[in-house]
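# Report on the structure
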Amino acid sequence: PRDGGGETREVLAAKSAARSEEHPVPEGRGGRDIKRVQRAGDQSAMKAARTQARSRASARTNAGARVAAGGLRLGRPLAEARRHPRIIPRAAGNPAGDPYGVLGVAPGADSEAINRAYKSKMSAASSDDEKKEIESAHTSIMMSSLTARLGGASSVAKEIRYADRTPIFLWRPRVHLCEQKDILINGGIWAFAIYWANKSTYSPWQPLMMGFAVLFIRMNYKLMPLMPRPATDDRKEIRQADTKRLGRAFGVVGGLFALFAGIISTLPSVLMALKITVPLWLLGSLYEFSVGVAGLLGSMIGASFLR
């Protein structure tokens, strides 16, 4: 067997014998002591050679197994790395694409729009990979928003900043913009109702009230994600939630209808009190039409920009 240094024990023994022949040891007690020293020296040399050989073999193994990339840590033996591969996790919320594109929202969207898009995408996802991607994109957007808020780069809504304060008017409308397509649809309903009222041979209020009814229904659907039904089978609680939401929708569109119509209806009296000429669209038969158009405009604004 080899001692690890590339030479067999027989070769080392032969070398030791050759050295003994070149330098014969005298007989007697002194000679025995010298032979004992030589044997100890041979054993020490063999141990040193084996230790050095092991060090060289270990260095070659480690040098060939160390890599700087590919999931292996620098200086890690190859056999150990194969048994315990290093997994480099992707940062949470950092999908391959744009997180805003994954959810289908604009970079400046508020938290409500982001949460609505997140719930919609999650309900439409059909595979676990899609759900993981949507979850990662939502987490990324929320964390970036939180980081910007803590750094002072984004403003905090008043409802969040003063959440511990009780508002004076709990029923007051709040700003809540619809998506662009919904705003265009509401504007189209308002314009069609005005055109129908202008062409109608009967009272213009019938087309205007039809337009108001459509805007009221759209307002109710707008409030559904914000005021959902309770997760219960109790019909009483469900009916109360629906009644509250319908009342809120009617209060917004109906209240703005009355506000805008009231302003236009009192405008002629104010102008005459100020001795200002009253325009023609506030006189005669156009007065009633103008009041209805202004009221429906208020309903359209409420359904598009408030909640």
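None of the values given here were measured: they were computed from a predicted structure.

## A word on the environment of E237
Tracing the backbone through its elements, the reader meets E237 in helix 10 (residues 235-273). E237 gets classed as partly exposed once you look at its relative accessible area, which sits at 37%. Excluding residues within four positions of it along the chain, E237 makes contact with P230 and T232.

## A look at the confidence of the model for the chain
The share of residues in the chain with pLDDT of 70 or more is 64%, and the mean pLDDT across the chain is 76. Scored below 50 in pLDDT, residues 1-6 makes 11 contacts in the model with residues more than four places away or belonging to other chains. Across residues 67-95, confidence stays below pLDDT 50; counting only partners more than four residues off in sequence or on other chains, it has 29 contacts.

## Things to note about helix 6 (residues 128-150)
Spanning 23 residues, helix 6 covers 33 Å between terminal C-alpha atoms, matching the ideal 33 Å at 1.5 Å per step. Taken together, the buried positions of helix 6 are I134, S136, A137, H138, S140 and I141. In the core, the buried residues of helix 6 are packed alongside helix 4 (99-103) and helix 5 (111-124).

## Regarding the nonpolar core
Core analysis: the biggest nonpolar cluster contains 20 residues, and L215, M219 and L296 have the highest contact counts within it. Mapped by element, the contributors of at least two residues to this core are helix 8 (180-199), helix 9 (205-223), helix 10 and helix 11 (285-305). Those residues within four positions of L296 in sequence are excluded, and the remaining contacts are W190, A193, L208, G211, F212, L215 and F257. Residues V102, I114, A117 and Y118 belong to the second largest nonpolar core, which totals 11 residues.

## Let's talk about a nonpolar patch on the surface
Nonpolar side chains collect at one region of the surface, where M143, L146 and L150 lie side by side and expose about 330 Å² of accessible area between them. Within the secondary structure, L146 sits in helix 6. The class of L146 is partly exposed, set by a relative accessible area of 39%.

## What about the packing of helix 9 against helix 11?
Running from N to C, helix 9 and helix 11 point in directions that differ by 10 degrees, and their axes come no closer than 9 Å. When the axes of helix 9 and helix 11 are compared, the pair comes out roughly parallel. Residue-level contacts link W205, L208, G211, F212, L215, M219 and K222 of helix 9 to E288, V291, G292, V293, L296, S299, M300, G302, A303, S304 and F305 of helix 11.

## Re the pattern of salt bridges
Evaluation of the coordinates by the stated rule reveals three salt bridges. We note a salt bridge from R229 to D242, for which the minimum N-O separation is 2.9 Å. Taken together, the residues span a long stretch of sequence, with R229 in the loop between helix 9 and helix 10 and D242 in helix 10 at a distance of 13 residues. Look at D242 and you get buried, because its relative accessible area is 14%. The structure contains a network of salt bridges with shared partners spanning R229, D242 and R245.

How each quantity is defined
- Along each chain, residue indices are assigned from 1 in the same order as the chain's sequence is written.
- This being a predicted model, a pLDDT of at least 70 is required before a residue's local features are given, and a value of 80 or more before pairs of side-chain atoms are given or counted; all residues contribute to the totals for chains, interfaces and linings.
- Hydrogens and water molecules were not included; the side-chain quantities draw on all heavy atoms of the structure.
- Only DSSP runs of H or I reaching four residues or more are called helices, and only runs of E reaching two or more are called strands; each is numbered from the N terminus.
- Throughout, exposure labels follow a simple rule: accessible area from a 1.4 Å probe, protein chains only, divided by the maximum for the residue type, with under 20% read as buried, over 50% as exposed, and the rest as partly exposed.
- Here a residue-residue contact requires only that any non-hydrogen atoms of the pair lie within 4.5 Å.
- pLDDT is a per-residue confidence score from the predictor, ranging from 0 to 100.
- Each helix should span, by expectation, one fewer than its residue count multiplied by 1.5 Å.
- To define a nonpolar core, start from buried Ala, Val, Leu, Ile, Met, Phe, Trp, Tyr and Cys residues and group those joined through side-chain atoms within 4.5 Å.
- Distance thresholds for patches are 9 Å for like charges and 5 Å for nonpolar side chains (Val, Leu, Ile, Met, Phe, Trp, Tyr), applied to residues having over 30% relative accessible area and no salt bridge.
- Surface exposure here means Shrake-Rupley accessible area, sampled with a 1.4 Å probe, where a residue is shielded only by the protein chains that are shown.
- Salt bridges, as used here, are contacts in which a Lys or Arg side-chain nitrogen is within 4 Å of a carboxyl oxygen on Asp or Glu.
- To get an axis, fit a line to the C-alpha atoms, keeping to the stretch in contact for a helix; angles then go from 0 to 180 degrees between the N-to-C directions.
- By definition in this entry, angles of less than 35 degrees are roughly parallel, angles greater than 145 are roughly antiparallel, angles of 65 to 115 are roughly perpendicular, and the rest are oblique.

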